[in-house]
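# Observations on the three-dimensional arrangement
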Amino acid sequence: MNQAQVLDEFRAAKALLEGHFILTSGLRSPMYLQCARVLMDPKRADRLCAALAAKVGAEVGEGIDLVVSPAMGGVVVGYEMGRQLGVPAIFVERVDGQFALRRGFEIPAGARCLMVEDVVTTGLSSRECIKVIEALGGRVVAGASLVDRSDGKADIGVPLVSLLRLDVPSYSPDNLPPELAAVPAIKPGSRGLK
């Protein structure tokens, strides 16, 4: 699946939004990719994650034991990637502001883990998730995401495989271009408004 086909999937799901958005990182952007809308269709999720799993296999190779994702955005894509790769999928979630494993999830010592996100912008959530995996004895072989909004600039500490790489501008709230400042800001992500 090429980048144009991935963008077509987002457009078809009405998940490629334009306006003034507050990202989870606090940065502002004129574009938002709502992965939850793309993944709500099981057939579309299957197509996208099958393509991502094939790309991970080609770039990372075999031998992934476990998929680990950060909640909330990574839960569905992580599950589907686990299904595609034929391995269990678990997630970390925030407890008092820090990622932790809950729900009886465990990471076997030495497990080769794939960290999976829906969207990577700055890489902060990915790095936090990777830190937990490594602290619990897992070995992160790579990261994967449907979308890399940094166009390869985000450093998560391991190779990042993405279906869609975009160079979407992000701005600090005090350094907005006039055309963006003129539009009311909304926060559509998992830690924002519904």
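Residues numbered from 1 in each chain as written. Predicted model: local features only at pLDDT ≥ 70, side-chain atom pairs only at ≥ 80, totals over all residues. Heavy atoms only, no water.

### What to know about the confidence of the model for the protein
Spelled out, the test is: The predictor's confidence in any single residue is recorded as pLDDT, a number from 0 to 100. We count a stretch as a helix when DSSP gives it H or I for four or more residues in a row; a strand needs E for two or more, and each element gets its number in order from the N terminus.
Scored by pLDDT, the protein has a mean of 92; 97% of the residues are at 70 or more. Taking the mean pLDDT of every element in the protein, the minimum, 90, falls on strand β2 (residues 28-33) and the maximum, 97, on strand β3 (residues 66-70).

### Re the pattern of salt bridges
Using the following cut-off: A carboxyl oxygen of Asp or Glu within 4 Å of a side-chain nitrogen of Lys or Arg is what we treat as a salt bridge.
Following the criterion strictly, the structure yields 11 salt bridges and no others. The network of salt bridges with common partners includes Glu9, Asp41, Arg44 and Arg47.

### Concerning the pairing of strand β1 (residues 16-22)
This is how the line gets drawn: By definition, two strands form a pair when at least two bridges between them are found by DSSP.
Where β1 and β2 come together, 5 bridges link them in antiparallel fashion. Looking across to β2, one finds that Glu18 is bridged to Met31. Following β1, the chain reverses through 5 residues before pairing antiparallel with β2; Gly26 in that reversal takes a positive phi of roughly 95°.

### Thoughts on helix α3 (residues 42-60)
Inclusion rule: A helix is expected to reach a length of 1.5 Å times the quantity of its residues less one. Accessibility here uses a 1.4 Å probe with only protein chains present; expressed as a share of the type maximum, an area under 20% marks a residue as buried, one over 50% as exposed, and anything in between as partly exposed. Contact definition: two residues touch when any of their heavy atoms are within 4.5 Å. For this analysis, a polar contact is any N or O atom pair within 3.5 Å, provided that within protein one partner can donate a hydrogen and the other can accept it, and provided that sequence-adjacent residues contribute only side-chain to side-chain pairs.
Taking 1.5 Å per residue, 19 residues should reach 27 Å; α3 reaches 25 Å between its end C-alpha atoms and fits that length. Along α3, the residues classified as buried are Arg44, Ala45, Leu48, Cys49, Ala51, Leu52, Ala53 and Val56. Where the residues of α3 are buried, they touch α1 (3-12), α2 (35-39), α4 (74-85), β6 (112-120), β7 (139-148) and β8 (160-165). Of the residues that open α3, the one with a side-chain oxygen 2.9 Å from the backbone nitrogen of Lys43 is Asp41.

### Structural notes on the pairing of β6
What counts, and what does not: When the strands point away from the viewer and the path from the first strand over the helix to the second turns clockwise, the crossover is right-handed.
β6 sits mainly inside the fold: 8 of its 9 residues count as buried. As defined by bridge partners, β3 adjoins β6 across 3 bridges and the pair is classed as parallel. In the strand pairing of β6, Val67 is matched with Leu114. A crossover links β6 with its parallel partner β7, the connecting element being helix α5 (residues 124-135), and its sense is right-handed.

### Focus: α4
An ideal rise of 1.5 Å per residue puts 16 Å on 12 residues; α4 measures up with 16 Å between its terminal C-alpha atoms. Within the span of α4, buried status applies to Gly74, Val77, Gly78, Glu80, Met81 and Gly82. Elements that come into contact with the buried residues of α4 comprise α2, α3, β3, β4 (89-95), β6 and β7. With its phi angle positive at about 75°, Gly86 sits one or two positions after the end of α4.

### Let's talk about the sheet that holds β6
The following threshold applies: Axis angles are defined between N-to-C directions and span 0 to 180 degrees, where every axis is a line fitted to C-alpha atoms and, for a helix, only to the segment in contact.
The strand order β5-β4-β3-β6-β7-β8 describes an open sheet built from 6 strands, whose pairing is mixed. This sheet does not close on itself; its edge strands, each paired only once, are β5 (98-101) and β8. Taken over all neighbouring pairs, the strand axes of this sheet differ in orientation by 25° on average, direction set aside. Sitting on the sheet, α3 touches β6, β7 and β8, and the angle it makes with β8 is about 140°.

### Looking at the environment of Ser25
If you trace the backbone, Ser25 turns up in the loop between β1 and β2. Among the residues examined, Ser25 registers a relative accessible area of 39% and is labelled partly exposed. Between the C-alpha atom of Ser25 and that of Gly123, which follows or precedes it by 98 residues, the distance is 9.4 Å.

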